[in-house]
Structures are given as C-alpha cells and as structure tokens.
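Coordinate inspection notes
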Amino acid sequence: FITIMSYDDPLSKGPIAPFPWYQQVVTYAIGHIPNNKISLGIPTYYWQWSTQTGKLMGIGGNEGIDNVFAKYHPKSTYDTTQQERKLTYNGLGAAPYTLWYEDTQAITVRVNLVKNNRLYGASFWALGLEITGTWSCPAYGAGGQRALLDIALDADADPFGDRRALRPLHQPARECFPAAQAG
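Residues numbered from 1 in each chain as written. Predicted model: local features only at pLDDT ≥ 70, side-chain atom pairs only at ≥ 80, totals over all residues. Heavy atoms only, no water.

Digging into the overall build of the protein
In terms of regular secondary structure, the protein is built from four helices and 10 strands. Element order for the protein, N to C, with α for helix and β for strand: β-α-β-β-β-α-β-β-β-α-β-α-β-β. Within the protein, the proportion of its 183 residues that are buried is 49%. Excluding contacts between residues fewer than 6 apart, the proportion of contacts in the protein whose partners are at least 24 apart in sequence is 57%. In the structure as shown, the protein presents an accessible area of about 9600 Å², 53% of it carried by carbon and sulfur atoms. (Helix = DSSP H or I, 4+ residues; strand = E, 2+ residues; numbered from the N terminus. Buried < 20%, exposed > 50% of the residue type's maximum accessible area, 1.4 Å probe, protein only. Contact = heavy atoms within 4.5 Å. Areas by Shrake-Rupley, 256 points an atom, 1.4 Å probe, with all protein chains shown as cover.)

Encoded structure:
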C-alpha cells in the first residue's frame, strides 16, 4: 500500500487540510490507484494563523493547544464546511489568531472517508501531538469507553501487534462513526 500525505494543503490559508480538498485528493487517487492500496494521511497537529496578516505563525501539538486554552480562554467552534475545529483568540498585544486542529469529530469524518471509499487504511502524523481525548469514543461512557483507533482499525490485520500494519474495519461502530455506511 501507499500512504498519501493528504495533509498540509499548500494552498490553504486556514485548515491544515480542508475537507473539500481531502475529497478531491481521494477522488483523484482512486482514479489512478486501486482503493485497497491507499492509506490516507490524517494530521494530529495544529496550524496557527495571524488573523491580521494571514500568515502562518505556528505549528504544534496538544501542549500548544492546552497552553492557548489555559492562557487565552479561546472560543472553540467546529467548521462544518472544512470539517475541522478552530480556536479564535487574542494573543499577546491583543493580536488576533485562529488556530485550526483535528479533534475527534474531524478525525472521525476523515476515517469515514477512508471507510466509505474502502481504502486500505489511515496514517496519522504524528501520533503524540493529538489533543487529549482524540481517540475516545464518548458513546461508550465512563469506564466503558473504547478507543477510536480500536474501533476504526482492524486489530486482526496487525501481525506485529504494534499498529504498524492496521487496516480499517468496514463495519464501523455507529456510535462513533454516525455518518459511516456499512461496507
């Protein structure tokens, strides 16, 4: 299989990878490569933009997002067109910023794209940068929570037991992947 690094849309002035761009990447790829040979790259980090200048000001992971929440108490919204979470806040000197990042909802939408197109799987860059709770499926509640990755990927297809070669399940748990269709 091949992994398509479908993040870092070079033309984006906002989200790391706007969802319409993801859809274009998948459509193009499956027109040239068998879908069961494609692993779709999904980011687990953020992009921070200056709202005033439109320049990319930073890239980082959960620690940076946690710091922004603690220091600036930003407003967090989910953009349904881009299918990505964003924070807006005023930083040092009241400079306005927008920070775009993947949360559970955004990753679920992208995993559904993998499932609905019956791709080989998904690749994440980079594990460890994701925000706390990203891999949780809230439908299972406290004490009964199952990890999003365990639901999204088939552990039987992992011969090494360390998630190096995971493949997607084509019968998603509807509680975590409400938009997915049975395969």
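Digging into the packing of helix 1 (residues 19-30) against helix 3 (residues 104-116)
Contact pair helix 1 / helix 3: the axes reach a minimum separation of 11 Å and the direction vectors enclose 20°. Relative to helix 3, the element helix 1 lies roughly parallel. Considering how the two elements wind past one another, helix 1 and helix 3 form a crossing that is right-handed. In this structure, helix 1 contributes F19, Y22, Q23 and V26 to the contact, and helix 3 contributes V109, R110 and L113. (Axes fitted to C-alpha atoms, helices over the stretch in contact; angles between N-to-C directions. Parallel < 35°, antiparallel > 145°, perpendicular 65-115°, else oblique. Left-handed = near helix turned anticlockwise from the far one by under 90°.)

Topic: the sheet that holds strand 1 (residues 2-4)
Judged by pairing direction, the sheet is parallel, and its three strands sit side by side in the order 1-2-8 without closing on themselves. Each edge of the sheet is formed by a strand with only one pairing partner; in this case those strands are strand 1 and strand 8 (121-125). Direction aside, the axes of adjacent strands within the sheet are offset by 35° on average. Pairing geometry for strand 1 and strand 2 (residues 38-43), over three bridges, is parallel. Bridged to I2 within strand 2 is I38. Contacts from helix 1 reach strand 1 and strand 2 within the one sheet, and its direction differs from that of strand 2 by about 165°. (Pairing = 2+ DSSP bridges.)

Things to note about the pairing of strand 4 (residues 56-60)
Sheet topology places strand 3 (residues 46-50) next to strand 4; four bridges connect them, and they run antiparallel. Its bridge partner being in strand 4, W47 is matched across the sheet by I59.

Things to note about helix 3
Helix length check: helix 3 (13 residues) gives 18 Å between terminal C-alpha atoms against 18 Å at 1.5 Å per residue, within 8%. Burial of helix 3 is extensive: 10 of the 13 residues sit out of reach of the surface. Among the residues of helix 3, those classed as buried are A106, I107, T108, V109, R110, V111, N112, L113, V114 and K115. Remark: R118 follows helix 3 within two positions and exhibits a positive phi of approximately 50°. (Expected span 1.5 Å × (residues − 1).)

Here's the deal with unusual backbone geometry
The backbone of D8 shows a phi angle near 60°, a positive value even though the residue is not glycine. Relative to the elements of secondary structure, D8 occurs in the loop between strand 1 and helix 1. Judged by its relative accessible area of 36%, D8 is partly exposed. Despite not being glycine, R118 shows a phi value in the positive range, around 50°. Tracing the backbone shows R118 in the loop between helix 3 and strand 8. With a relative accessible area of 39%, R118 lands in the partly exposed category.

Some words on the packing of aromatic side chains
Each pair of aromatic rings is reported with the distance of its centres and the angle of its planes. Evaluated as defined, the whole model comprises six aromatic pairs. Ring plane angle 90° and centroid distance 6.4 Å describe the contact between Y7 and Y45, whose orientation is recorded as edge-to-face. Of this pair, Y7 sits in the loop between strand 1 and helix 1 while Y45 sits in the loop between strand 2 and strand 3; the two residues are 38 residues apart in sequence, bridging distant segments of the chain. Accessibility classification places Y7 together with Y45 in one group, the buried group. Taken together, a centroid distance of 6.5 Å and an interplanar angle of 75° make the contact between W21 and Y22 edge-to-face. The buried category is assigned to Y22, whose relative accessible area is 0%. In this structure an aromatic cluster arises from ring pairing among Y72, Y89 and Y97. (Phe/Tyr/Trp six-rings, centres within 6.5 Å; stacked < 30°, edge-to-face > 60°.)

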